[in-house]
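Each chain, letter by letter, is given below.
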Amino acid sequence: MSHAATHPAAPAEEGLGVYTQKLGMWVFLCSEIMFFTALIGSYIILRWGSSESWPVPQQTLNIPVTAFNTFVLICSSVSMVKAYAAAVHDDQAGLKRWLILTVLLGASFVGVQAYEYTHLIEKGFTPSSGLFGSTFYTMTGFHGFHVSCGVISMAWCTMRAFQGKYAGGKFHGIETIGLYWHFVDLVWIILFTIVYLF
Amino acid sequence: MATVEHKHPNYIAIWLYLAALTGVELVVALLHFLPRHWLIGALVFLAIWKAGLVALYFMHLKFEPKRLVIMILAPLPLAVIMVLFILQEFHR
Amino acid sequence: MTTAGVAAGEVGHAHHDDRPFIRKYVFSTDHKIIGIQFLFLSLFFLLVGGVLAMLIRWQLGFPGRAMPLPGLWPRAMAPDGVVLPEFYTALVTMHGTFMVFFAIMPLLVGVFANYLIPLKIGAPDMAFPKLNMWSFWLMIPAGGLMLAGFFVEGGTAASGWTAYAPLSANPEYTGATYGQQLWCFSIIVFALSSLLGSVNYITTIINLRAPGMTWFRLPLSIWALFITAILALLAVPILAGAIIMLLFDIILHTHFFMPAGGGQPLMWQHLFWFFGHPEVYILILPAMGITSDLLANGSRKPIFGYHSMVYAIIGIAFLGWVVWGHHMFQSGMNPRLGTTFMVSTMFIAVPSAIKVFNWLGTMWKGSITFTTPMLNAIAFVAMFTIGGLSGIFMAATPVDMYIHDTYFIVAHIHYVLFGGSLFAIFGGIYFWFPSMFGKMMNEKLGKIHFALTFITYNLVFFPMHILGIGGHMRRIYDPSQYAFLKPLQPLNTFISVSAFALFVSQLPFMWNFFHSLFWGKKAEMNPWHDNGLEWTVQSPPPHGNFAVTPTVYHGPYEYSRPDMEADFLPQNQPLPASAHAAAH
Amino acid sequence: MHWWFPTNASSYGGEIDSLFVLILYITGTVFVVVEVTLLVFLFRYRKQEGRKASYIEGSTRAEIIWTTIPAVVCAFLGIFSQPLWSRIKDPARIPADASPIDVMAKQFEWHFTYPGPDGQLGTADDFEKRNELHVVVHRKYQVRLQSEDVIHSFFIPAFRLKQDAVPGMQIHAWFEPTITGEYELGCAELCGLGHYRMRSRVFVQTAEEFAAWQAAQIAPAAPAPTDSTANTRRTAR
Ligand code: HEA
Ligand code: HEA
Ligand code: CUA
Ligand SMILES: [Cu+2]
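Described in the following lines is the structure provided in the data block. (Residues numbered from 1 in each chain as written. Chains lettered and ligands numbered in written order. Predicted model: local features only at pLDDT ≥ 70, side-chain atom pairs only at ≥ 80, totals over all residues. Heavy atoms only, no water.)

## Here's the deal with the site of ligand 2
Residue and element names in this part refer to chain C.
And step 1. Close to ligand 2 lie 37 residues; Arg57, Tyr88, His95, His414 and Arg475 are nearest.
And step 2. At a separation of 2.8 Å, a nitrogen atom of ligand 2 approaches a polar side-chain atom of histidine 95.
And step 3. One of the side-chain nitrogen or oxygen atoms of histidine 414 is found 2.8 Å away from a nitrogen atom of ligand 2.
And step 4. When residues of the shell around ligand 2 are traced back to their parent elements, those giving at least two are α2 (31-61), α3 (85-121), α15 (407-437), α16 (443-469), α17 (489-505) and α18 (507-519). (Near = heavy atom within 4 Å. Polar contact = N/O pair within 3.5 Å; in protein donor to acceptor, adjacent residues only side chain to side chain. Helix = DSSP H or I, 4+ residues; strand = E, 2+ residues; numbered from the N terminus.)

Here it is in structure tokens:
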């Protein structure tokens, strides 16, 4: 549906050629990039800008568990994109199945992170224990927060899917929320590397 | 709204791809066979690689109009400018 | 495709609005109502900021003298009306914070962006009306949290609007037990509101332009608001991130900015100013856009060099990202970096020059009518130039070494923010009031308000340059502590008296505003003979704006075409047949 | 313009003043040009009966002119200011013969650590002084700024010198007083409620006066407490 249709005479103005929700989500993600730039950037600056020696992450953090968690998040991205494909092809059953899977995977990621946090804090590694603690909890914490938001909205989408809101190839909602979900995954890929592995 | 006509890439393949890369990362990171700065370089490279896969296929940027891609990449230079300036400032 | 995503039927059918009052005027998703809500809210905050400024001026003009009605002031802050040092720093902090985040920014980006964008680009509403509503309703808790500071133990934040760590990172340093936390929370909520706004504006302008409204047919006000939205979109999250870290330093005792734990105090300044300088352009670009529209309209002439005006806006916005260091020349930042920033800062004068001279060019050979909006727009050009030029002094690092953190800076701030932004805002309010409320504001009162404000404003802020050159530091509670400042004290007193006069000069505006709201004379169609689409519908425009989606045939500045009788041509009317070369 | 500035008493202060005045001339010219043109246009092109505004959309030539001129001017200003700046602030270019003084800023006072007769800091004969900076005229000094708590700013208007003192950093600045007399040192960075009275006196003395004073300081007789102890209201740790 476009103005151009109603006014064939007029030169229809090209937007970015992307429907509005998707464009809005991308614009929002640009903002998110800068938000994480602030957090990750500060970590980089504090770690490589200051002369002090930095604790070796692998001695404090539990790499295997987090590696597993990374895998979980990647899986959730796949299930998400599968859900999107299903929505495009109007395969309702598939859509619901993949969405539920995504929610579960996302939730378990948060769960594992909660478990990780509790253990670290028991070991006495807290936000106030040095720059590493400060940056670690801020970055992973805010990523976790984003995942949680994603899980909630995903659950909501699942509900709507069961109400058949995405039937008949109405995939815009799914694609849009999917973009957010993949972005969160993408951020984690970066975080996992520079926080856990360096 | 002709942005969906693209055929869907094989998502499962990309999934395995990502999993494999993660495996490589772990190997590189945990069995320290590389000198420190090489290690960092390799890991950053792998991370960007993975991120690229997610962005290109899962977020199907590969199939979006150029202008959108440009718009999305716009913040990155700013981010880099900020971090590099501040970094070299403390790195004395 | 233009309106991809706008539900069918929604497009261009201004249906008369039968929603209940609460959905229509309170929790409204109509961009016009939201804009007007922003108008009232931010004018209120402007008043708050103004009152705080008066208290500041009282203390500076008459150090240690009890304020009028001593009983009125809370004992903790001003026992028997005498301002305490801790209260003074709180005043300065809150004044800056309210003016920047809660008055000028919402006035420009909240009011005009919301009200004008859909109307001027021929869209029925914003791309995401619900988000838009939220962006307004978030401003209420944000402002509430900020005001709450005055009522908690230890008072409001007191580390300046720049909240330099570590002063801000440990309540013991300022004595503001909870104030700084409240400040942080408030700004975080504000950041959310701003984010929702920006996403809306950008998406709307990209995707919802009416047919024919090509990029280079957009009014400069819309161009400015578009670029501003991008700046806000990318700058504000940096502030949010920094403030979150600051907050954690305060409540979780992290060490981001605390040298004790290995943190970097200067990192706060870098992050803050990486946001802060784009922020100051957020505060001026829309004002520039509005000025351009008003000047073209007021001198009945096309804007001079439309394209370069657009590129100048983009240039300023881009350069704005690489100059933040000019706030940190004396901060202990690497001096070589200082040189880089000096040069980049100097070059911002270039796009600004283009704008100033093109404004002059616009008036050249015009037919200038001195309506209140036009007067304010002219004042913008005159005053922004002063403020901008004073920026050049500070850009020169050696000079900045002397005038940094003196009243020279304070003078600069106010010449750009009051002389610039606020005059443009006044002009904008006078200009679009008829469209917003269907009533005209009183011209005579408007002119009185303008004249008084213009004079007293200069009496207040021009002498501040001299204070600055005299070495008068900023943010000091009692200048008379310093022998070398004693001779300047009379000047301080003079400034204060003028400041009170300036405040009084705002009364005609307030009266005019509220009186016209109810008893103003009815605005006829297109009272200013403007070309904008917002004037092609009745005022106030109906819900959904346009009965039929307008088609745009030419740029917004077709004034006094030689081949036409009328001296204006709204954008939705075709060029006269004689026009061979189509305007951009 | 001297009636504006406090009298300059440092070696480079004069250059800063004249740079200021230079910029003042440049911007002043721009200011006059802009404002006068504006006023002339306002009068000349005010609405008059029978005169229609002429339809002019711009002039590339004009725009190129008023883009390049400011560009040139600003480039010139930048290049012109740079040497003075790096001479004053570049850590590498602090005069080698500058005698050191340690400055510790804390809410809300200045602590100075002077070298004893040996001219070396960190030796036994160092001595401390609060809110009193004594220096010898025509001798170069290197102040090593540190802060105990928050950011302060070491500002001696008469020397045109300003440099923040940042906790966790040691920042060096130098100056050479040129006129004997008493001046003031202020704190130029908001550092809390006592910011306004974080003030120290600066004595520029002849070598003899200084030597005498120095002797008096090192002598067992404890230095008399200086005035501003009285109004230290709250001191955060
Ligand atoms: C609307 C807000 C606004 C705007 C538009 C500007 C515009 C500029 N500002 Fe300003 N600035 C502030 C708001 C703003 N500033 C605030 C709030 C602070 C204080 C923050 C704080 O510490 O609290 C500040 C502080 C500040 C500093 C730090 C001072 C210090 O703390 O030591 C500096 C230093 O370089 C600076 C420079 C400039 C420059 C070069 C411009 C340029 O963009 C100006 C360009 C315009 C012109 C130059 C005039 C028009 C041009 C011509 C007529 C052409 C001819 C000109 C020449 C040939 C020179 N500003
Ligand atoms: C846009 C921003 C803005 C505006 C408009 C003002 C307006 C004023 N400011 Fe502001 N000021 C700042 C931004 C602004 N200021 C900032 C950012 C700082 C730095 C803070 C810091 O150091 O941290 C500062 C600091 C500052 C100082 C320095 C304090 C110090 O360093 O110790 C002083 C001192 O005189 C001062 C004075 C004034 C005065 C007298 C006004 C007068 O112009 C006020 C006149 C009154 C009004 C303009 C309000 C009138 C009300 C209306 C018109 C609304 C009508 C209402 C309805 C219709 C409902 N300001
Ligand atoms: Cu110390 Cu201000
Ligand atoms: Cu700036």
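## Observations regarding unusual backbone geometry
And step 1. The residue after C:Ala165, namely C:Pro166, is reached through a cis peptide bond having omega 0°.
And step 2. Within the secondary structure, C:Pro166 sits in the loop between α4 (129-148) and α5 (171-174).
And step 3. Put simply, D:Gln107 and D:Phe108 share a cis peptide bond, and its omega is -10°.
And step 4. Within the element layout of this structure, D:Phe108 appears in the loop between β1 (99-106) and β2 (109-114).

## Thoughts on the coordination of the iron atom of ligand 1
Residues and elements named next belong to chain C.
And step 1. Just one protein atom donates to the iron atom of ligand 1; it is His412 (NE2), sitting 2.2 Å from the metal.
And step 2. Here the iron atom of ligand 1 and the copper ion (ligand 4) are spaced 4.3 Å apart.
And step 3. With respect to the helices and strands, histidine 412 occurs in helix α15. (Donors = N, O, S within 2.8 Å, 3.2 Å for Na, K, Ca; no water.)

## Re the interface of chain C and chain B
And step 1. Contacts between chain C and chain B engage 18 residues on the former and twelve residues on the latter.
And step 2. At the junction of chain C and chain B, the tally comes to zero salt bridges.
And step 3. The interface formed by chain C and chain B holds zero residue pairs in polar contact (both at pLDDT 80 or more) in total.
And step 4. Sorting the residues of the side of chain C that touches chain B by element identifies α7 (220-251), α8 (265-282) and α11 (335-347) of chain C as the ones contributing at least two each.
And step 5. A class-by-class count of the residues in the side of chain C that touches chain B yields 14 nonpolar, four polar and no charged. (Contact = heavy atoms within 4.5 Å. Salt bridge = Lys/Arg side-chain N within 4 Å of Asp/Glu carboxyl O. Nonpolar A, V, L, I, M, F, W, Y, C, P; charged D, E, K, R; others polar.)

## Side note on the coordination of the iron atom of ligand 2
Residues and elements named next belong to chain C.
And step 1. Here the iron atom of ligand 2 is held by the protein donor atoms His95 (NE2) and His414 (NE2), which lie 2.0 Å from it.
And step 2. Every donor counted, the six donor atoms about the iron atom of ligand 2 form angles of 88 to 179° at the centre, which fits octahedral coordination. Here the residue histidine 95 occupies a position in helix α3, and histidine 414 occupies one in helix α15, the gap between them amounting to 319 residues. Each of the two residues, histidine 95 as well as histidine 414, counts as buried. (Tetrahedral: all angles 85-135°; square planar, octahedral: opposite > 155°, others 65-115°. Buried < 20%, exposed > 50% of the residue type's maximum accessible area, 1.4 Å probe, protein only.)

## Describing the interface of chain D and chain C
And step 1. At the interface, 84 residues of chain D touch 98 residues of chain C.
And step 2. Counting the surface lost from both chain D and chain C, the interface buries some 7900 Å², and carbon and sulfur atoms represent 70% of this.
And step 3. In terms of surface lost to chain C, no three residues of chain D exceed D:Tyr55, D:Trp85 and D:Tyr196, which account for 11% of the buried area on that side.
And step 4. For the pair chain D and chain C, the interface holds two salt bridges.
And step 5. Joining chain D to chain C, the criterion identifies 26 residue pairs in polar contact (both at pLDDT 80 or more).
And step 6. Among the elements of the structure, α1 (13-44), α2 (60-89), β7 (161-165) and β9 (181-187) of chain D are those that each provide at least two residues to the side of chain D that touches chain C. (Buried area = accessible area lost by both parts, 1.4 Å probe.)

## A few points about the sheet that holds β9(D)
The strands that make up a sheet are held in pairs by hydrogen bonds between backbone atoms, and each pair lies either parallel or antiparallel.
All names here are of chain D.
And step 1. With mixed pairing, the five strands of this open sheet are ordered in space as β4-β10-β9-β6-β7. Whereas interior strands pair on both sides, the edge strands pair on one side only; in this sheet they are β4 (132-136) and β7. Taken over all neighbouring pairs, the strand axes of this sheet differ in orientation by 25° on average, direction set aside.
And step 2. Examined bridge by bridge, strand β6 (residues 152-156) and β7 share five bridges and lie antiparallel to one another. Residue pairing in the sheet places histidine 152 in a bridge with alanine 165 of β7. (Pairing = 2+ DSSP bridges. Axes fitted to C-alpha atoms, helices over the stretch in contact; angles between N-to-C directions.)

## Let's talk about the environment of C:Leu488
Residues and elements named next belong to chain C.
And step 1. Mapping leucine 488 onto the fold places it in the loop between α16 and α17.
And step 2. For leucine 488 and glycine 470, which are 18 residues apart along the polypeptide, the C-alpha to C-alpha distance reads 7.7 Å.
And step 3. Aside from chain neighbours lying at most four places away, what touches leucine 488 is Leu467 and Gly470.

## Remarks on the packing of α3(C) against α15(C)
All names here are of chain C.
And step 1. Across the interface, α3 lies against α15 with an axial gap of 11 Å and an inter-helix angle of 35°. Here the hand of the crossing between α3 and α15 comes out left-handed. Between α3 and α15, the residues in contact are Tyr88, His95, Ile104, Leu107, Leu108, Val111, Phe112, Tyr115, Leu116 and Lys120 and Tyr407, His414, Ser421, Leu422, Ile425, Gly428, Ile429, Trp432, Ser435 and Met436, respectively.
And step 2. Within the contact of α3 with α15, the residues separate by chemical class into 14 nonpolar, five polar and one charged. (Left-handed = near helix turned anticlockwise from the far one by under 90°.)

## Things to note about the packing of aromatic side chains
And step 1. Tallying each qualifying case throughout the model produces 109 aromatic pairs over all chains.
And step 2. Residues A:Tyr43 and A:Trp48 carry aromatic rings whose centres are separated by 6.0 Å and whose planes lie at 85° to one another, so their mutual orientation is edge-to-face.
And step 3. Overall, the relative accessible area of 26% leaves A:Trp48 in the partly exposed class.
And step 4. Here the aromatic rings of C:Phe102 and C:Phe190 are separated by 6.0 Å at their centres, their planes lie at 55°, and the arrangement is tilted. Of the two residues, C:Phe102 is situated in helix α3 and C:Phe190 in helix α6 (residues 179-207); the sequence distance between them amounts to 88 residues. You'll find C:Phe102 and C:Phe190 in the same group, each marked buried.
And step 5. D:Arg46 extends its terminal NZ or CZ atom over the ring of D:Phe43, reaching a point 4.3 Å from the ring centre. (Phe/Tyr/Trp six-rings, centres within 6.5 Å; stacked < 30°, edge-to-face > 60°. Lys NZ or Arg CZ within 6 Å of the ring centre and 35° of its normal.)

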